[in-house]
Amino acid sequence: MRAPLVVKRALDEPLLLLGAFGAILLATTTLVAMTMYAAAVSGAGVREAVRDAPYHQTSVTVTAQVDATTFPQYDRLVRDRLTETFRAPPDVTTSLRSDSYVMPGEDDEELPGLLRFGSHDGLDRHARLVAGRWPRTGGETVEAAISEPAATATGFEAGEEFVTRARGDGHPVKVRVVGVFRLDDPLGERWAGEELLSRGVERGEYTTYGPLMVTPETFVAGFATRVRAVWAAEPGFGTLTAERLRPLAAAVGGLSRGLPAAGCVTCLTATELPALLTQLDSASLVTRSVLLISMLQLLLLAGYALALTARLLTDHRRMETALLRSRGAGTGRLVALAGGEALLIALPCAVVAPLLGPPLIALIGLLSGTSVRPQPDAGAYLVSFGVASAAAVLLALPAVAGGRRTYVQEQSARGRGLRRALIHGAGGDLALLAVAGLAIWQLQRYGGPVTATAAGGLGIDPLIITGPALALLAGGLLGLRLVPRVSRLAERVTARRPTLAPALGAWQVSRRPLRYAGPALLLTLAIAIGVISLATTATWQTSHRDQADHQAGADLRLRGPSEGPELGVLGRGTAFAALPGVTAASPAFRAQTEVGGESALLLALDADRLPELLHLRPDLSARTVPQLAAALTGDRGGRLELPGKPRALTVRADARAAGPGRLVLSDALGVWHDVPLGELQEGANTVELDLTPLAGRSGTITYPLSVRGLAGAKLTGLRADGSDVPVSGALGTARRPLPVVLTSGLAAALKLTTGQSGEVRFSGLVARIEVVGLVTSLPTSDAGQEAVLADWESLHAYELAAAQPSRPATEWWLATPGLAPAREVLRRNPQWDVTAVDRHELAAKLHDDPLAGALRGGLTLGFAAALGFAVLGFLVNAVAAARERRAEFAVLRALGTGPRQMFGLLATEQAFVIGLSLVSGTALAVAVGGLVVPRIVLSGQAAAVVPDVLFRLPWASVAVLLAVVTAVLAVIVAGLARRMWRGQSLEER
């Protein structure tokens, strides 16, 4: 009997119940989709991050001393332990290298060329033959394959046979070269410890060629005499989940103890995989924390939307409920009716929501660039039924609570418009604000929602993650206090105007402000959540660019040795400055040093090129980069410019005492270099110098060269390529204090500020420095690292005056608008031995991080759901309120009110809600977002990023959002006015 009555009641109010159904379906679908998305994208992001990680971070390397007897035992033990650790057999390659053998025909030489034999599992998967075939096992003659560079260096060809002897015991080995191969990627990280294999030649006291690659069986049988074996394991991560990260990191970390304990006493394990897994676990936790914050905001919005719909439904049926009560319906019967009706709406949503989740996630993926495709599982249905059940309770609760009033009480209460809500009267909004303030205070204190746990790990703080949602609700409730005041003010203003519609609309709002407060709060929260989603996305993307600029320092930063055989000390800068697209270049010294007893990063750059090179965010310094550059230029000493392009110098020097001397030179790019003069004798000395080695084998010097000073003696004469160079009065030393820029923390420790100077211990000597600027953080420095910036030339001149050696160019900083051509040249010249730090590449890496992409998808989903709740809630409330006033509209129509006046009346009423909500929601988003968003934008290690995050509100996107929302709501109001004007006449009523 109850079921038909429940169904009949539901069908009697299709509009409100359809709105309730839409709200519950949107809530369950969104929250289920968010849950599925968080789980799927966390695992997918982790797997993608591991897949894209460099080889040295994902591989595990085990080394051991083996011979023909121990190798099979150790090989089986290592493979078994690796399989046990990864719960599946990883891809293991075994690499072995022999002792030295003498090059054929060089047995009697004092320093003969040497050969090595080797074996590498699966070499044919990472190399291709250019001649011959791969070696086989068996036979008296050892079959071997040789790399193309080694074949070129030795002259060995496929098919050639020779005899080589072991250096130790002279044992002869007959070898046949059966193939020549080329590595697919000789510069790849896979061959980082295999320089002989990738290059073919190693030059030192002896020159070693090879290795001659043989089969593993051949190597173990003939060459395994206490040699080093290397097992390189590449585990598969196709099924890796976020929950497995820390246990797997612990298991891999235990290999270094487990292998010796199991019998491989000489086994040593080297891997960066535990650190990578721990970092990804922290990154996954950060992702889940931000998604959880978004989910809680949506949960709040969904709950309020349902409560608002339930209130409308209860208000519409309160007379019916009172009549049922007066006719003997007890509380149990009313509860059963309300609960049955709520379940009738909620249960279909619980069933359908998990099926709608994957298409919704796919749609969001198209918008945000993510590509996860989760399928509903038992967890999704559990969340769906849980959310639907909670929604059913919210929908039925007002009806049950209001079922205690009699018909007479309902009639007397009808029409009285309360001007103040109960929660305001009890001060609940202020209490809620206090709790939200505590949560945000904790967020500010701990720096993020991910905090240290009592067990020493990382966890999500429940109070902190609820802070943003509580702050939005508290702010929205406080904003409702303005509704009665603003409505009364609008009533007084419009009452003086001759037009009817604005005055009547304002009077309607002023008479029953709480009727409009509910949808206003819903729309306020939805707008605030939407704006915060936009702001979080924009802030995160801007922070990625800021981090990349800070980590790189310049467009392109090249690190490597200051000199090498290919490019000498004065040849490296010439090659780097000539890279395609380079518009400015500066040598740099960057290293940790001591300043006044404090450890700090010392960065020296050419101040003249600083404005073009240094990427310093404006808020990190009170002075601009050009201003800092001008102030950094200090006393650069004197110079003696050499004419032409000399390749040799003749130096005449007068030494007061015997000892070493050095001539200090610099090129046109600013590189300083000390050329040793050897041991000088007391009195006059003449030293011949050859400058060509300073360029390197393939480098060139950027002229003109300049003499900056002579240490250990007095310069009395100089000839460049046979031509005399005047030296009288050409050189001078720096006298003024050294201008520097300090980080704020270092300046405070030194008790100095801008414009002050003082003597401090600087890099081992007592120096007088002048502070010309302060920065919060210096580019290329780590979080919390103090730093000092100096002019390259001024620093060298100051230290030359103190008889200190010149600093090498440990880095080169380059400015270039397009990096691709320069990077291609660097890629084609591995012999230059440089590591490039590309700020565009860093920014792209941060932006394309799979876990960061997950946040974009989650925020997009939250943004869309918030707008959906706003439009749905506004539509249901506006239609329900208009239907209750059909008689009023009939009277107005009978009095001659036209369609424009009807639209003006409704537009005035709803404009109050829309305008107040848009303004309040945006203001609330700015206030809460400014406090919260910079704290939830964390690095992948769950730590604060460097430089500090700046809150960014994309006003153009916000304006588009507000315009679209306004347009959609205006269409709803126009459609409602048209329907009300064409409604029933007064006689029909």
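See the structure shown above.
*Asks:* Lay out the overall build of the chain in plain terms, naming residues and giving numbers.
*Replies:* Scanning the chain from N- to C-terminus turns up 30 helices and 30 strands. By the burial criterion, 52% of the 989 residues in the chain qualify as buried. For the chain, restricting intrachain contacts to residue pairs at least 6 apart in sequence, the fraction spanning at least 24 positions comes to 81%. Within the structure as shown, the chain displays about 43,200 Å² of accessible surface, and the carbon and sulfur contribution to it stands at 56%.

*Asks:* Tell me about a nonpolar patch on the surface, and please be specific about residues and values.
*Replies:* A surface patch of nonpolar side chains, amounting to about 460 Å² of accessible area, comprises L343, L347, V351, V352, L356 and F385. Tracing the sequence through the fold places L343 in helix α11 (residues 331–368).

*Asks:* Give me the lowdown on the sheet that holds strand β22 (residues 706–711), citing residues and values where you can.
*Replies:* Strands in a sheet are paired, the pairing made by backbone hydrogen bonds, and the direction either parallel or antiparallel. One open sheet holds the four strands; their spatial order is β17-β22-β19-β20, and the pairing between them is antiparallel. Edge positions in the open sheet fall to β17 (640–641) and β20 (672–680), since each of these has one partner strand only. Relative to β20, strand β19 (residues 659–666) is paired through eight bridges, and the arrangement is antiparallel. From the neighbouring strand, L663 faces β20, where its bridge partner is V675. Sitting on the sheet, helix α24 (residues 792–801) touches β19, β20 and β22, and the angle it makes with β20 is about 20°.

*Asks:* Run through the side chain of S621, naming residues and quoting values.
*Replies:* Within the element layout of this structure, S621 appears in the loop between α21 (610–613) and α22 (625–632). Relative accessible area serves as the criterion here: at 10%, S621 is assigned to the buried category. Reaching out from S621, the side chain makes a polar contact with the backbone oxygen of R623 at a distance of 2.9 Å. Among residues more than four places away in sequence, those in contact with S621 are L616, L628, L774 and V775.

*Asks:* Summarise the pairing of strand β25 (residues 738–743); cite the residues concerned and give the values.
*Replies:* Among the six residues in β25, six count as buried, and that is most of the element. As paired elements, β25 and strand β27 (residues 765–775) share six bridges and run parallel to each other. Across the sheet, the residue bridging to L742 is L774, located in β27. Bridging between β25 and strand β28 (residues 787–791) involves three bridges; their strand directions are antiparallel. Each bridged residue has a counterpart across the sheet, and for V741 the counterpart in β28 is L789.

*Asks:* An account of the sheet that holds strand β23 (residues 714–720) is requested, with residue identities and associated values reported.
*Replies:* An order of β21-β18-β23-β24 is seen for the four strands of this open sheet, with the pairing classed as antiparallel. The sheet terminates laterally at β21 (683–690) and β24 (723–724), the two strands that pair on one side only. As paired elements, strand β18 (residues 648–655) and β23 share six bridges and run antiparallel to each other. Considered in β23, the bridge of R652 is made with G717.

*Asks:* So what about the side chain of T154? Which residues, and what values?
*Replies:* With respect to the secondary-structure elements, T154 resides in helix α5 (residues 148–154). A distance of 2.8 Å separates a polar atom in the side chain of T154 from the backbone oxygen of A150. Of note is the side chain of T154, whose polar atom sits 3.3 Å from the backbone nitrogen of F156. Residues within four places of T154 in sequence aside, it is in contact with M103, I146 and Y209.

*Asks:* Report on the environment of V932, specifying residues and quantitative values.
*Replies:* With respect to the secondary-structure elements, V932 resides in helix α29 (residues 899–936). Classification of V932 by relative accessible area gives buried; the value is 4%. Linking V932 and Q444, residues 488 residues apart in sequence, is a C-alpha distance of 8.0 Å. Setting aside chain neighbours within four positions, we find V932 in contact with I440, L443 and P468.

*Asks:* How would you explain empty space enclosed by the protein if you had to name every residue and give the values?
*Replies:* Tallying each qualifying case throughout the model produces eleven cavities of 30 Å³ or more. Counted as a void, the second largest cavity has a volume near 100 Å³. Lining the second largest cavity are 14 residues, and of these I293, Q297, I532, T536 and I936 sit closest to its centre. Of all elements in the fold, only α10 (273–326), α19 (513–552) and α29 reach the threshold of two or more residues within the lining of the second largest cavity. Ranked by the residues each element gives to the lining of the second largest cavity, the list is headed by α29, at five residues. A breakdown of the residues in the lining of the second largest cavity according to their chemical character gives nine nonpolar, five polar and no charged.

*Asks:* Any chance you could break down unusual backbone geometry for me, citing the residues and the numbers?
*Replies:* Looking along the chain, the bond that leaves G210 and enters P211 is cis, with omega of -5°. Of note, P211 is situated in strand β9 (residues 207–213). With an omega dihedral of 5°, the bond running from Y703 to P704 counts as a cis peptide bond. Turning to its location among the elements, P704 is positioned in the loop between β21 and β22. Located in the positive-phi region is R87, a residue other than glycine, with phi close to 60°. Positionally, R87 belongs in the loop between α4 (70–86) and β2 (91–102).

*Asks:* Could you give an account of the nonpolar core, with specific residues and numbers?
*Replies:* Across soluble globular proteins, nonpolar side chains have a tendency to be buried as a group. In this structure, L301, L472, I527, V531, F874, V928 and L969 are the most contacted members of the largest nonpolar core, which totals 80 residues. Among the elements that line this core, the one with the most residues is α19, at 14 residues. Sequence-distant contacts of V531, that is, excluding residues within four places in its chain, are made with A925, L953, V958 and L961. Counting residues in hydrophobic clusters, the runner-up holds 73 residues, among them V582, V675, A747 and L814.

*Asks:* An account of the environment of T269 is needed here, citing residue identities and associated values.
*Replies:* The topology assignment puts T269 in strand β11 (residues 268–271). Note: C-alpha distance between T269 and S256 (13 residues apart in sequence) is 5.2 Å. If we ignore the near neighbours within four places in the chain, the residues touching T269 are V60, T61, V62, L255, S256 and L259.

*Asks:* Account for the pattern of salt bridges, with residues named and values stated.
*Replies:* In total, this model carries 31 salt bridges according to the counting rule given. For R176, the salt bridge is made with E143, and the minimal N-O distance between the two is 3.9 Å. Placement of the pair is R176 in strand β7 (residues 172–183) and E143 in strand β5 (residues 142–147), with a sequence separation of 33 residues. Of the residues examined, E143 reaches a relative accessible area of 11% and is grouped as buried. Across the pair R557 and E811 runs a salt bridge, and its minimum N-O distance is 2.9 Å. Pair noted here: R557 is in strand β14 (residues 556–559) and E811 is in strand β29 (residues 811–815), with a separation of 254 residues, a long-range link. For the pair formed by R557 and E811, the shared burial category is buried.

*Asks:* Residues and numbers for α24, please.
*Replies:* Of all ten residues in α24, nine are buried, a share of seventy percent or more. Buried residues of α24: W792, E793, S794, L795, H796, A797, Y798, E799 and L800, and no others. A803, located one to two residues past α24, shows a positive phi value of around 65°.

*Asks:* Outline the packing of aromatic side chains, supporting the account with residue identities and numerical values.
*Replies:* Both the distance between ring centres and the angle between the ring planes are used here to describe each pair of aromatic rings. In this structure the tally under the stated criterion is nine aromatic pairs. Residues F219 and F223 carry aromatic rings whose centres are separated by 5.8 Å and whose planes lie at 40° to one another, so their mutual orientation is tilted. Through a chain of ring-to-ring contacts, three or more aromatic side chains come together here, namely Y101, F117, F219 and F223. The ring centre of Y206 lies 4.7 Å from the NZ or CZ of R167, which sits over that ring. In this structure, R807 is placed above the aromatic ring of F589, and the distance from its NZ or CZ to the ring centre is 4.7 Å.

*Asks:* I'd like a rundown of helix α26 (residues 839–847), residues and numbers included.
*Replies:* When we look at burial in α26, the residues that qualify are R839, L842 and A843. Angular distribution of buried residues about the axis of α26 spans 100°; they occupy a single face of the element. N-capping of α26 is provided by D838, with a side-chain oxygen placed 2.9 Å from the backbone N of H840.

Thresholds, definitions, all that
Within every chain, residues take consecutive numbers counted from 1 along the sequence as written. Two thresholds apply to this predicted model, a pLDDT of at least 70 for residue-level local features and 80 or more for giving and counting side-chain atom pairs, whereas whole-chain, interface and lining totals are computed over all residues. Hydrogens and water molecules were not included; the side-chain quantities draw on all heavy atoms of the structure. Put simply, DSSP marks the helices as runs of H or I at least four residues long and the strands as runs of E at least two long, and each gets a number from the N terminus on. For each residue, the accessible area found with a 1.4 Å probe, counting protein chains only, is set against the maximum for its type, and the residue is called buried under 20%, exposed over 50%, and partly exposed in between. Whether two residues are in contact is decided by their heavy atoms: any pair within 4.5 Å suffices. Surface accessibility in these figures is a Shrake-Rupley result with a 1.4 Å probe; residues are shielded only by whichever protein chains are displayed. Like-charged residues within 9 Å of one another, or nonpolar side chains (Val, Leu, Ile, Met, Phe, Trp, Tyr) within 5 Å, are grouped into patches, provided each residue has over 30% relative accessible area and no salt bridge. The term salt bridge refers to a side-chain nitrogen of Lys or Arg lying within 4 Å of a carboxyl oxygen of Asp or Glu. By this definition, two strands are paired if DSSP reports at least two bridges between them. Between N-to-C directions, angles span 0 to 180 degrees; the directions come from axes that are lines fitted to C-alpha atoms, helices contributing only their stretch in contact. Here a polar contact means two N or O atoms within 3.5 Å. Within protein one must be a hydrogen donor candidate and the other an acceptor candidate, and residues neighboring in sequence count only if both atoms are side-chain atoms. Of the grid points, spaced at 1 Å and generated over the protein atoms alone, those admitting a 1.4 Å probe that cannot get out make up cavities, while open sets with protein on both sides within 12 Å along at least five of seven lines make up pockets; any residue with an atom within 4 Å of a point is treated as lining. Grid points are joined across faces, edges and corners, and a volume is the space filled by probe spheres set on the points. Ten residue types, Ala, Val, Leu, Ile, Met, Phe, Trp, Tyr, Cys and Pro, are classed as nonpolar, four, Asp, Glu, Lys and Arg, as charged, and the remainder, Gly among them, as polar. Here the nonpolar core consists of buried residues drawn from Ala, Val, Leu, Ile, Met, Phe, Trp, Tyr and Cys, with membership extended through side-chain atoms lying within 4.5 Å. Here a Phe, Tyr or Trp ring, Trp counted by its six-membered ring, pairs with any other such ring whose centre lies within 6.5 Å, and the pair is stacked when the planes are under 30 degrees apart, edge-to-face when over 60, and tilted otherwise. Placement of a positive charge over a ring is assigned whenever Lys NZ or Arg CZ falls within 6 Å of the ring centre and within 35 degrees of the normal to the ring plane. Comment: arc refers to directions from the helix axis out to C-beta atoms.

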